[in-house]
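# Reading the structure
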Amino acid sequence: MGKSISEVGMEDLVRAGVGEEEAKWLMAELKAAIAKVGFSQKELWREVTARKLLKPSHPHPLHQLLYYSVYDNYHNGPPLYWFPSLNESRYTNLGRIMEIHCPKLFGAQYEDPISSFKEFQRFSVQHPEIYWSIVLKELPIHFLEAPKCILDFSDKSKRGGNWLPGSVLNIAESCVCSSNYSNKQDDCVAIVWREEGKDDKEVNCMTLKQLREQVMMAANALDNMFSKGDEIAIDMPMTVTAVVIYLAIVLAGFVVVSIADSFAAQEIAVRLRVSNAKAIFTQDSIVRGGRRFPLYSRVIEAAPLKAIVIPATGEDVQVQLRNQDLSWKDFLASVSHLPRPNYYFPVYQTIESVTNILFSSGTTGDPKAISWTHLSPIRCTADSWAHLDIQFGDVFCYPTNLGWVMGPVLLYSCFLTGATLALYHGSPLDHGFGKFVQDAGVTLLGTVPSLVKTWKSTGCMKGLDWTRIRMFASTGEASNVDDDLWLSSRVYYKPIIECCGGTELSSSYIMGNLLQPQAFGAFSSATMSTGFVILDEDGRPYPDDQACVGEIALFPTYMGATDRLLNADHEKVYFEGMPTYKDMQLRRHGDILKRTIGGYLVVNGRADDTMNLGGIKTSSIEIERVCDSADESVLETAAVSAAPPNGGPEQLAIFVVVKEGMNISPDTLKKRFSRAIQSNLNPLFKVRWVKIVGMLPRTASNKLLRRVLREQWKQHVQIQSKL
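Residues numbered from 1 in each chain as written. Predicted model: local features only at pLDDT ≥ 70, side-chain atom pairs only at ≥ 80, totals over all residues. Heavy atoms only, no water.

## Focus on helix α3 (residues 41–50)
Going by this rule: Here's how the labels work: a residue is buried when its accessible area is under 20% of the maximum for its type, exposed when over 50%, partly exposed in between, all with a 1.4 Å probe on protein chains only. For the purposes of this entry, the term helix denotes a DSSP run of H or I that reaches at least four residues, the term strand denotes a run of E that reaches at least two, and both are numbered from the N terminus. Here a residue-residue contact requires only that any non-hydrogen atoms of the pair lie within 4.5 Å.
Buried residues of α3: Leu 44, Trp 45, Glu 47, Val 48 and Thr 49, and no others. The inward-facing, buried residues of α3 contact α2 (20–37), α4 (60–70) and β1 (80–82). Lys 52, located one to two residues past α3, shows a positive phi value of around 55°.

## Focus: the sheet that holds strand β10 (residues 279–283)
We apply this condition: Following DSSP output, two strands are said to pair if at least two bridges run between them. Lines fitted to C-alpha atoms define the axes here, with helix axes fitted over just the stretch in contact, and angles between the N-to-C directions of these axes take values from 0 to 180 degrees.
Pairing is mixed across the open sheet formed by seven strands, whose spatial order is β14-β13-β10-β8-β9-β16-β17. Each edge of the open sheet carries a strand with a single partner, namely β14 (326–327) and β17 (368–373). Relative to the sheet, helix α12 (residues 265–275) contacts β8 (231–235), β9 (255–258), β10, β16 (354–360) and β17, its axis offset from that of β16 by approximately 140°.

## Details of the layout of surface pockets
Rules: Think of a 1 Å grid over the protein atoms and nothing else: a 1.4 Å probe that fits but is trapped marks a cavity, an open set flanked by protein within 12 Å on at least five of seven lines marks a pocket, and residues with an atom within 4 Å of a point count as lining. Grid points are joined across faces, edges and corners, and a volume is the space filled by probe spheres set on the points. Gly is put with the polar residues, along with every residue not named as nonpolar or charged; the nonpolar set is Ala, Val, Leu, Ile, Met, Phe, Trp, Tyr, Cys and Pro, and the charged set is Asp, Glu, Lys and Arg.
Of the voids in this model, the second largest pocket is the one considered here, and its volume is about 1000 Å³. Contributing to the lining of the second largest pocket are 43 residues, with Lys 118, Gln 121, Arg 122, Ala 526 and Asp 544 lying nearest its centre. At the level of elements, α7 (117–126), α8 (128–136), β25 (525–526) and β26 (532–535) are the ones that each hand at least two residues to the lining of the second largest pocket. Among the elements that line the lining of the second largest pocket, the one with the most residues is α7, at six residues. Classifying every residue of the lining of the second largest pocket gives 21 nonpolar, 14 polar and eight charged.

## Overview of the sheet that holds strand β19 (residues 420–425)
The nine strands lie next to each other as β7-β6-β19-β18-β20-β21-β22-β23-β25, forming an open sheet whose pairing is mixed. The open sheet terminates on both sides in strands that have one partner only, identified here as β7 (204–207) and β25. The sheet contact formed by strand β21 (residues 471–474) and strand β22 (residues 496–502) spans three bridges and is parallel. Looking at β22, one finds that Phe 472 is bridged to Ile 496. The sheet contacts of helix α11 (residues 240–251) involve β6 (189–195), β7 and β19, and relative to β19 the element is tilted by about 130°.

## Some words on the environment of Gln 349
One can find Gln 349 in strand β15 (residues 349–350). Overall, Gln 349 belongs to the buried group, its relative accessible area being 16%. On a C-alpha basis, the gap between Gln 349 and Leu 144 in space is 9.1 Å, while along the polypeptide they are 205 residues apart. Excluding its chain neighbours within four sequence positions, the residues that come into contact with Gln 349 are Ser 167, Val 168, Leu 169, Gly 253 and His 374.

## A short note on unusual backbone geometry
We note that Asn 73 has phi near 60°; this positive angle belongs to a residue other than glycine. Along the chain, the position of Asn 73 falls in the loop between α4 and β1. A positive phi angle is found at Asp 389, which is not glycine, with a value near 55°. The residue Asp 389 is located in the loop between α15 (375–387) and β18 (395–397) in this model. For Asp 389, a relative accessible area of 3% puts it in the buried group.

## Some remarks on the side chain of Ser 167
Basically, it comes down to this: Nitrogen and oxygen atoms within 3.5 Å of one another constitute a polar contact, given that in protein one can donate a hydrogen and the other can accept it, and given that sequence-neighbouring residues count only through two side-chain atoms.
If you trace the backbone, Ser 167 turns up in the loop between β4 (162–163) and β5 (168–169). Of the residues examined, Ser 167 reaches a relative accessible area of 1% and is grouped as buried. Engagement of the side chain of Ser 167 in a polar contact is seen with the backbone oxygen of Leu 164, the distance being 2.7 Å. Those residues in contact with Ser 167 that sit more than four places away from it in its chain are Phe 143, Glu 145, Ala 146, Pro 147, Gln 349, Thr 350 and Ile 351.

## Considering the nonpolar core
Condition: For our purposes a nonpolar core is just a set of buried Ala, Val, Leu, Ile, Met, Phe, Trp, Tyr and Cys residues, chained together by side-chain atoms within 4.5 Å.
One finds Trp 45, Ile 191, Phe 415, Trp 455 and Trp 466 to be the most contacted residues of the largest nonpolar core, which totals 166 residues. Sorting elements by how many residues they give to this core places α11 first, with eleven residues. Those residues in contact with Trp 455 that sit more than four places away from it in its chain are Pro 428, Leu 429, Phe 433, Leu 445, Thr 447, Cys 460, Met 461, Trp 466, Trp 486 and Leu 487. By size, the runner-up hydrophobic cluster in this structure holds 24 residues, among which are Ala 233, Tyr 296, Ala 302 and Ala 369.

And the structure:
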């Protein structure tokens, strides 16, 4: 923009897209704001947003003009756009427990939820037993047998300790049963949903009682067909039926195997093999944008397992099933003879029993198979409760899938707090999704940055009223500041809570919250009870208050983190070679983190060769394996990714060495690589750039130096951005 706010005049406002009368009013209000707080940049922006000078209906260039002009030449860390209110802070989940407990814990040192937040977060790291004993009383978790204590270190083989030892429960029971403590009653609305193409119909609703009865009927049907402990896969969009199936599998003492519905048959097969799945729930097809995409055919190509098939639309499946398969209707009919098919007694298990196998990216062939236990949902829900402030009565919508960690996180965060889960059965990329958000009265909307970019660039959400939204959550990839500016401006600059974590952590290790000011594309804190250090190139921790860039290393005492992997050596993956700090062996996570002036955090990519494409983590090796066989001219490839200088999703580049005597253009290879990757790995992955090179850089021991290539690609991206 290039102008400071003192230089902005009427003509600038008109050029930004408002009429003269509106510009006069804005100019007068802007002058009044400046007269009140002066040119202190943070205070001025706070005043501009408090006065609601900028409205969702205003053109985006006007929002850009004022935001970038107010923060012109700002050098004190990332510019802050949202500020907590002291009065409102006391009614947040975290603020409320701080007001109750902190005067006893801190004495006269305690001031208020905003001033004392950092101290309380540090306290939760140093005294996790006290913090978690407080939080567990806030969540309606039903234990058949209560834990003997919060944390036990007697088993030295468990680096992170043994959490809630001796407890017996079924976490799905706590999801589907009412609770007097949290106002969660049988007639409360548990799920709201709408199908694509029915934008003018009423939003569908399901009460907690109706959800429980459907889950229990499915649990009875599972018992009728499978043996306790069997691994049962789900590969379908996150619909109401998918949620019922997920909860039924857990309630009945089976193990969910989570598979994303975007995977090619080959990738489905890998996950079914690694998890030893005995059956799979799927749909006949996926409906997106009015078009049908086959899913059942991909599933049966992957493995000869028994499949239970749900119709994407209507009552009956629209494909011919194999003899061993059956429809969802027939699956439920198998228990119609029972006197009470809608009643089921939960299967209670110890807290460390596995409930869900999820998959993360590996840096070798197979993806890591990560086991969630009954503890994992407690962690992810507690972080949503603390950092997203999710409360009874909220309506939480997040376009995701049960194959990715956000699917289970969303499900548990709603049902364990009494919030309503909002599901749109269709594409989140167009107006229909936005209208559902409006009509369902969504109060918390989860996003992925690439989604926001599409909404902004297509203008598909124009004319919708999203002002019931009180905050956004953003995960999956690096956020773009200008896209976030657009998103927040839709709701009078409500906060976007950035979340970054991992499947193996059950949640996020850094997040925003409602007790600290927020900056676009940045994280304001470690999550509650999470400790970490940032390491320099020699593996030494930087001082906690120093601005720096380095690899993140987590404290091992992390409630909800994995202590096992199904198909890899957990110790080797997360601890081997990590330094010790204050007598603790640190836990590897792999992110490169930047701590700014002011203590805000920005993720600068991965320390290993894992890349994040469109919110999906994958490994360079997986990409290279596909590209190496995509064309006969290819000798070898190296895949790297980098985010644009102004933020946003990482972009994929392939460096290629071609066979001697072969002649092929980079554009031809780009098309062939893209086709191969989309067919064999994921249809959402795109190759941005291909470069043919004479040889790939290697170490003396012949290890590929991807970091050298990554730097080349970053430089190219920066040059292109300037051009």
